[in-house]
Amino acid sequence: MSEHQMLGYTPDNTLIHKLNGTTKLLFLILLSVACMTTYDTRFLLVMSIASVILFKLSHIKWHQISFVIKFIFVFSVLNILAVYLFSPEYGVELYGSRTVLWEGIGRFTITSEQLFYEFNLILKYFCTIPLALIFLLTTNPSEFASSLNRLGVSYKISYAVALAIRYIPDIQEDYFDISLAQQARGYELSKKGKFSQRIKGMAQIVFPLILSSLDRIETISTAMELRRFGEKKKRTWYSQQPFHKSDIAVMCLGVFLTVLSFSLFKVNGGRFYNPFQ
């Protein structure tokens, strides 16, 4: 099952794993805001490189995220193409100049300004996606719940989110178990089978997977009711960790980078860095 695991918490002894869950959540929020609001290519490029380095330091294995990365890649390509199809010269409007690289057909021209704008969009993916995956795969779900609660989110909502993350690996395990059972009955679901056969086989997996998930939900909800979950206005957390010097340093770094991102608005005269002026 470890070869198929996706978006499941994996214990390790790296510096990132040792950080407090609240620290990682705040850092993710601050950097996401900083990277999403600015279009300063220099800042986005540095943050993209830093995110990839942090991803490497977290010891996350490719098989854990391969499906998610492929899905995000397809979505990103579709988004970039849609931006161009609906507004092929939006970059020209933003940067106030027009450098034609290919005249194209009709309004579909290729300009340096449009390519530069879409390059910034790609950098935004590289800035935020690795950080989000790092947070999900290096943070204990229970600690994640306590982190949300520390930030003022109701502990009921926090616990619901943590449960959803915690049982993603279990749902995957059920999926692969049902898949192996179907293959034992003669259904070809591997890459050797035809695409239509694999789609039909996957459809036959979904129904028992839904039933098993509903059984799990009923079991968990009954157990929580028996333990009078939600009876009190507050609760304590078993996995909550204290803050250390490294946590304070990381939070200060997140605040500094966010302030730097907003200060570039004044330097650039807006959100966009314009190298064409």
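Engineer: Explain the side chain of H17 to me, and be specific about the residues and the numbers.
Structural biologist: Among the secondary structure elements, H17 is positioned in helix α1 (residues 15-18). Note on H17: relative accessible area 10%, which makes it buried. Within the structure, the side chain of H17 is placed 2.5 Å from the side chain of T14, a separation counted as a polar contact. Apart from the residues lying within four places of it in its own chain, the contact partners of H17 are Y9, T10, P11, D12, K24, S58, L137 and T138.

Engineer: Give a detailed account of the nonpolar core, specifying residues and quantitative values.
Structural biologist: With 20 residues, the main nonpolar core has L31, C35, F43, M47 and F144 as its most contacted residues. Considering every element that reaches this core, the biggest residue donor is helix α2 (residues 21-37), with 6 residues. Discounting chain neighbours no more than four positions away, the residues touching L31 are M47, L131, G254, L257 and T258. Counting 11 residues, the second largest nonpolar core, distinct from the first, contains Y125, I129, L133 and L137.

Engineer: Describe in detail unusual backbone geometry, supporting the description with residues and values.
Structural biologist: Phi angles above zero are rare outside glycine, and H59 is one such case at about 60 degrees. Looking at the secondary structure, you find H59 in the loop between α3 (41-57) and α4 (62-86). By relative accessible area, which is 45% here, H59 ends up partly exposed.

Engineer: Quick rundown of the packing of aromatic side chains? Include the residues and the values.
Structural biologist: Tallying each qualifying case throughout the model produces 9 aromatic pairs. Residues Y39 and F272 carry aromatic rings whose centres are separated by 4.5 Å and whose planes lie at 20 degrees to one another, so their mutual orientation is stacked. Placement of Y39 in the loop between α2 and α3 and of F272 in the segment after α11 (245-268) is noted, with a sequence separation of 233 residues between them. Y39 gets classed as buried once you look at its relative accessible area, which sits at 10%. For the ring pair F116 and F276, a centre distance of 5.6 Å and an interplane angle of 90 degrees mean the geometry is edge-to-face. With F116 in helix α6 (residues 112-138) and F276 in the segment after α11, this pair connects stretches of sequence that are 160 residues apart. Three or more aromatic residues link up through ring pairs in this structure, and these residues are Y39, Y90, Y95, F116, Y117, F272 and F276. In this arrangement the basic side chain of R42 is found over the ring face of Y273, its NZ or CZ atom lying 4.1 Å from the centre. For K124, the ring lying beneath its charged end belongs to Y39, and the centroid distance is 4.1 Å.

Engineer: Could you give an account of helix α8 (residues 155-166), with specific residues and numbers?
Structural biologist: Within an α-helix, residues lying three or four positions from one another point in the same direction, as the helix has 3.6 residues per turn. In a regular helix each residue adds 1.5 Å, so 12 residues correspond to 16 Å; α8 covers 16 Å between its end C-alpha atoms and thus fits that length. Turning to α8, its buried residues are Y155, S158, A162, L163 and I165. Buried positions in α8, seen along its axis, are confined to an arc of 160 degrees and lie on one side of it.

Engineer: Pulling in residues and values, what's your account of the side chain of D40?
Structural biologist: Residue position: D40 is located in the loop between α2 and α3. A distance of 2.7 Å separates the side chain of D40 from the side chain of N268, its partner in a polar contact. If sequence neighbours within four positions are ignored, D40 has contacts with L264, N268, R271 and Y273.

Engineer: Residue-level account of the packing of α2 against α11, with values.
Structural biologist: Contact geometry of α2 with α11 gives a least axis separation of 9 Å together with a crossing angle of 10 degrees. The pairing of α2 with α11 is recorded here as roughly parallel in orientation. Contact with α2, carried on its side by T23, L26, F27, L30, L31, V33, A34 and T37, involves D247, V250, M251, L253, G254, V255, L257, T258, S261, F262 and F265 of α11 and no other residues of that element. A per-class count over the contact of α2 with α11 returns 13 nonpolar, 5 polar and 1 charged.

Each value, and the rule that gives it
Residues numbered from 1 in each chain as written. Predicted model: local features only at pLDDT ≥ 70, side-chain atom pairs only at ≥ 80, totals over all residues. Heavy atoms only, no water. Helix = DSSP H or I, 4+ residues; strand = E, 2+ residues; numbered from the N terminus. Buried < 20%, exposed > 50% of the residue type's maximum accessible area, 1.4 Å probe, protein only. Polar contact = N/O pair within 3.5 Å; in protein donor to acceptor, adjacent residues only side chain to side chain. Contact = heavy atoms within 4.5 Å. Core = buried A, V, L, I, M, F, W, Y, C linked by side-chain atoms within 4.5 Å. Phe/Tyr/Trp six-rings, centres within 6.5 Å; stacked < 30°, edge-to-face > 60°. Lys NZ or Arg CZ within 6 Å of the ring centre and 35° of its normal. Expected span 1.5 Å × (residues − 1). Arc of directions from axis to C-beta. Axes fitted to C-alpha atoms, helices over the stretch in contact; angles between N-to-C directions. Parallel < 35°, antiparallel > 145°, perpendicular 65-115°, else oblique. Nonpolar A, V, L, I, M, F, W, Y, C, P; charged D, E, K, R; others polar.

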